[in-house]
Amino acid sequence: AASHRHGRVGSVVHLPHGLALTVGYEDADLAARAEPHAVPTPDPDLPLLLVDVLPVNVPGTTPLPGTAWRLDVEEAPLPAELARVHREVCVDAGVVGSKLVLRRPRAGDRFQPLGMAGTKKLHDLFLDEKVPRHYRAQTPVLAAEGHIVWLAGRWLAHWARVRPETRQAWRLRLRQDA
């Protein structure tokens, strides 16, 4: 009979010859052992924020330092539709305002994803959506006046959505330089 062992997601087992086995949600990764405090190799399909806080040019383009990603903010023609494109969304400019910042997730962050009745801890959302542990701390959070607007490229806040009474909208787009 085969025995099965289960580990906590994110657990790392250090193996001989400089190897490490990292437990994922549905798989495990075997790779060269990372140096302590090493930054994970960025996934080219995931935008990362490598600085603590970054003011956003509204309207305009804000490059994400150390990556090929940028955030474009432009006025969207009305009626603006909720974009169904990955990494692009429209928000109510009158509600969100123009003092936007990109920042990293913070302990205790709460947020109401579009369509959800109540708020949820960001940490719990990351767990539920199986966001790899090493990307969570570098997931770009777009905030206005301390409130989460968009987990960049992932989830829009319910309060920031475009409504029928919206008079001005911002189109937010995360894109990579070619």
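Here, every reference points to the structure presented above.
Draft legend 1. How the structure looks around the overall build of the protein. Each helix and strand in the protein was counted, giving 3 helices and 14 strands. Classification of the 178 residues of the protein by burial places 35% in the buried group. At a minimum sequence separation of 6, the contacts of the protein that also span at least 24 residues come to 60%. Taken as a whole, the protein presents about 10800 Å² of accessible surface, with 52% of it coming from carbon and sulfur.

Draft legend 2. Quick look at the sheet that holds strand E7 (residues 88-92). Taken together, 4 strands build an open sheet; the order of strands is E5-E6-E14-E7 and the sheet is antiparallel. Whereas interior strands pair on both sides, the edge strands pair on one side only; in this sheet they are strand E5 (60-63) and E7. Each strand axis lies, on average, 20° off the axis of its neighbour in the sheet, ignoring direction. Sheet analysis places E5 next to strand E6 (residues 69-76), joined by 4 bridges and oriented antiparallel. Across the sheet, residue Thr61 finds its bridge partner in E6, namely Asp72.

Draft legend 3. A look at the pattern of salt bridges. Scanning the model with the defined rule gives 10 salt bridges in all. Taking the shortest distance from any N to any O, the salt bridge between Arg104 and Asp52 comes out at 3.7 Å. Here Arg104 is found in the loop between strand E8 (100-103) and strand E9 (110-111), whereas its partner Asp52 is found in the loop between strand E3 (28-32) and strand E4 (53-55), with 52 residues between them in sequence. A salt bridge links Glu74 to Arg171, with the nearest nitrogen and oxygen atoms 3.8 Å apart. A residue pair is termed long-range when its members are at least 10 positions apart, and Glu74 in strand E6 and Arg171 in strand E14 (residues 169-176) qualify at 97 residues. Here Arg171 falls in the buried class, since its relative accessible area comes to 19%.

Draft legend 4. Region of the structure containing the sheet that holds strand E13 (residues 155-156). An order of E4-E8-E11-E12-E13 is seen for the 5 strands of this open sheet, with the pairing classed as antiparallel. Because the sheet does not close on itself, it has two edges, and the strands there are E4 and E13. The pairing of strand E11 (residues 141-144) with strand E12 (residues 147-151) spans 4 bridges and is antiparallel. Residue pairing across strands places Val141 opposite Leu151, the latter belonging to E12.

Draft legend 5. Structural detail: the pairing of E7. Burial analysis of E7 places 5 of its 5 residues in the buried class, the great majority of the element. As paired elements, E7 and E14 share 5 bridges and run antiparallel to each other. Across the sheet, the residue bridging to Val89 is Leu172, located in E14.

Draft legend 6. Local environment of the pairing of E8. The pairing of E4 with E8 spans 3 bridges and is classified as antiparallel. Bridge pairing links Pro55 to Val101 in E8. Here E8 runs beside E11; their pairing, made up of 4 bridges, is antiparallel. Residue pairing for E11: Leu100 is matched across the bridge by Ala144.

Draft legend 7. Region of the structure containing the nonpolar core. Judged by nonpolar contacts, the single largest core of 37 residues is most densely connected at Leu71, Val91, Leu142, Trp150 and Leu172. When residues of this core are assigned to their parent elements, the largest contribution, 4 residues, is made by E12. With residues up to four places along the chain from it excluded, the contact list for Trp150 reads Leu71, Arg87, Glu88, Val89, Pro140, Val141, Leu142, Trp155, Leu156, Leu172 and Leu174.

Cut-offs used in this document
- Residues numbered from 1 in each chain as written.
- Predicted model: local features only at pLDDT ≥ 70, side-chain atom pairs only at ≥ 80, totals over all residues.
- Heavy atoms only, no water.
- Helix = DSSP H or I, 4+ residues; strand = E, 2+ residues; numbered from the N terminus.
- Buried < 20%, exposed > 50% of the residue type's maximum accessible area, 1.4 Å probe, protein only.
- Contact = heavy atoms within 4.5 Å.
- Areas by Shrake-Rupley, 256 points an atom, 1.4 Å probe, with all protein chains shown as cover.
- Pairing = 2+ DSSP bridges.
- Axes fitted to C-alpha atoms, helices over the stretch in contact; angles between N-to-C directions.
- Salt bridge = Lys/Arg side-chain N within 4 Å of Asp/Glu carboxyl O.
- Core = buried A, V, L, I, M, F, W, Y, C linked by side-chain atoms within 4.5 Å.

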